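Take a look at the letters that make up each chain.
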Amino acid sequence: MKRTAKIERMTNETKVLVEIDLDGEGKAIIDTGVPFMDHMLDLFTKHGLFNATIKANGDTHIDDHHTTEDIGIVLGQAVKEALGDKKSIKRYGNAFVPMDDALAQVVIDISNRPHLEFRAAFPKEKVGQFDTELVNEFLWKFALEARMNVHVIIHYGMNTHHMIEAIFKALARAIDEAITKDERVKGVPSTKGLLT
């Protein structure tokens with residue numbers, strides 16, 4: 001059974017489309033109107049080995065907040081839908097990713113109990129025109145809609161771009177690990193018998 005999904009969301013502020021194949025090759029078509037997010041989402045799909053089309057058109061003439069937030073919402077919804085019944089997945093994922101001076105760790109549990117623990121302080125408030133506080137906003141909305149427990153830790157780092165890049169790569173790799181099927185797992189990996 002293919003683990004794919006297509007979700008569209010339209011508001012007065014944004015229009016977002018996400019198509020994702022969780023069992024892909026890392027191929028991406030990204031066009032969000034937020035160049036820094038385009039870069040991060042390209043890394044995300046490459047390192048998670050997802051095939052994805054992510055398009056957005058939003059009120060970036062004001063700022064990037066609504067667009068970044070809504071991409072997190074729709075991407076989270078798409079990942080949740082693509083996972084389906086979650087049978088035989090590993091459920092947990094943990095990834096460390098270094099990026100020059102920075103070391104990021106992301107640990108996730110596909111538990112249907114959304115939570116974001118964000119332990120990262122960026123030296124700069126902006127990377128180019130992108131407000132770095134939006135990384136937290138994106139991740140919280142993603143975790144909420146994907147129904148995942150997501151812990152993000154920057155162990156150290158000096159360069160803000162490197163720190164954020166390491167987070168997105170680690171998130172992708174942690175998800176890839178957690179959604180990997182293990183034939184030893186019968187049903188869902190929970191003593192409750194449910195991950196929904």
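Residues numbered from 1 in each chain as written. Predicted model: local features only at pLDDT ≥ 70, side-chain atom pairs only at ≥ 80, totals over all residues. Heavy atoms only, no water.

A. Inspection of the nonpolar core at higher detail. Membership of the largest hydrophobic core comes to 63 residues, with the highest contact counts inside it found for Ile 20, Leu 75 and Ile 108. Broken down by element, the residue count for this core peaks at twelve residues, all from helix H4 (residues 160-179). (Core = buried A, V, L, I, M, F, W, Y, C linked by side-chain atoms within 4.5 Å. Buried < 20%, exposed > 50% of the residue type's maximum accessible area, 1.4 Å probe, protein only. Helix = DSSP H or I, 4+ residues; strand = E, 2+ residues; numbered from the N terminus.)

B. How the structure looks around the side chain of Glu 69. Turning to its location among the elements, Glu 69 is positioned in helix H2 (residues 65-83). For Glu 69, a relative accessible area of 15% gives the class buried. Beyond its immediate chain neighbours, meaning those up to four positions away, Glu 69 contacts Glu 137 and Lys 141. (Contact = heavy atoms within 4.5 Å.)

C. Local environment of the pattern of salt bridges. Applying the stated rule across the entire model yields nine salt bridges. Between Glu 117 and Arg 119 there is a salt bridge, and its shortest N-O distance comes to 3.1 Å. Residue classification places Arg 119 among the exposed positions, given a relative accessible area of 52%. A salt bridge links Lys 141 to Glu 137, with the shortest nitrogen-to-oxygen separation between them at 2.6 Å. Note that Lys 141 and Glu 137 are positioned in helix H3 (residues 133-146) at a spacing of four residues, about one turn of the helix. One network of salt bridges, with partners in common, ties together Glu 69, Glu 137 and Lys 141. (Salt bridge = Lys/Arg side-chain N within 4 Å of Asp/Glu carboxyl O.)

D. Examining the side chain of Asn 149 more closely. Position of Asn 149 relative to the elements: it lies in strand S10 (residues 149-156). Looking at Asn 149, its side chain comes within polar contact range of the side chain of His 151, at 2.9 Å. In contact with Asn 149, other than residues within four places in its own chain, are Val 107, Ile 108, Asp 109, Ser 111, Arg 113 and His 115. (Polar contact = N/O pair within 3.5 Å; in protein donor to acceptor, adjacent residues only side chain to side chain.)

E. Structural context of the sheet that holds strand S2 (residues 14-21). Taken in spatial order, the four strands line up as S1-S2-S4-S3 in an open sheet, and their pairing is mixed. Every interior strand has two partners, whereas the edge strands, strand S1 (4-10) and strand S3 (28-31), have only one. The sheet shows a mean angle of 5° between the axes of neighbouring strands, taken without regard to direction. Inspection of the sheet shows S2 paired to strand S4 (residues 51-58) by eight bridges, in the antiparallel sense. Considered in S4, the bridge of Leu 17 is made with Lys 55. Strands S3 and S4 of the sheet are contacted by helix H1 (residues 35-48), whose axis makes an angle of about 165° with S3. Contacting S1, S2 and S4, H2 runs over the sheet at an angle of about 30° to S2. (Pairing = 2+ DSSP bridges. Axes fitted to C-alpha atoms, helices over the stretch in contact; angles between N-to-C directions.)

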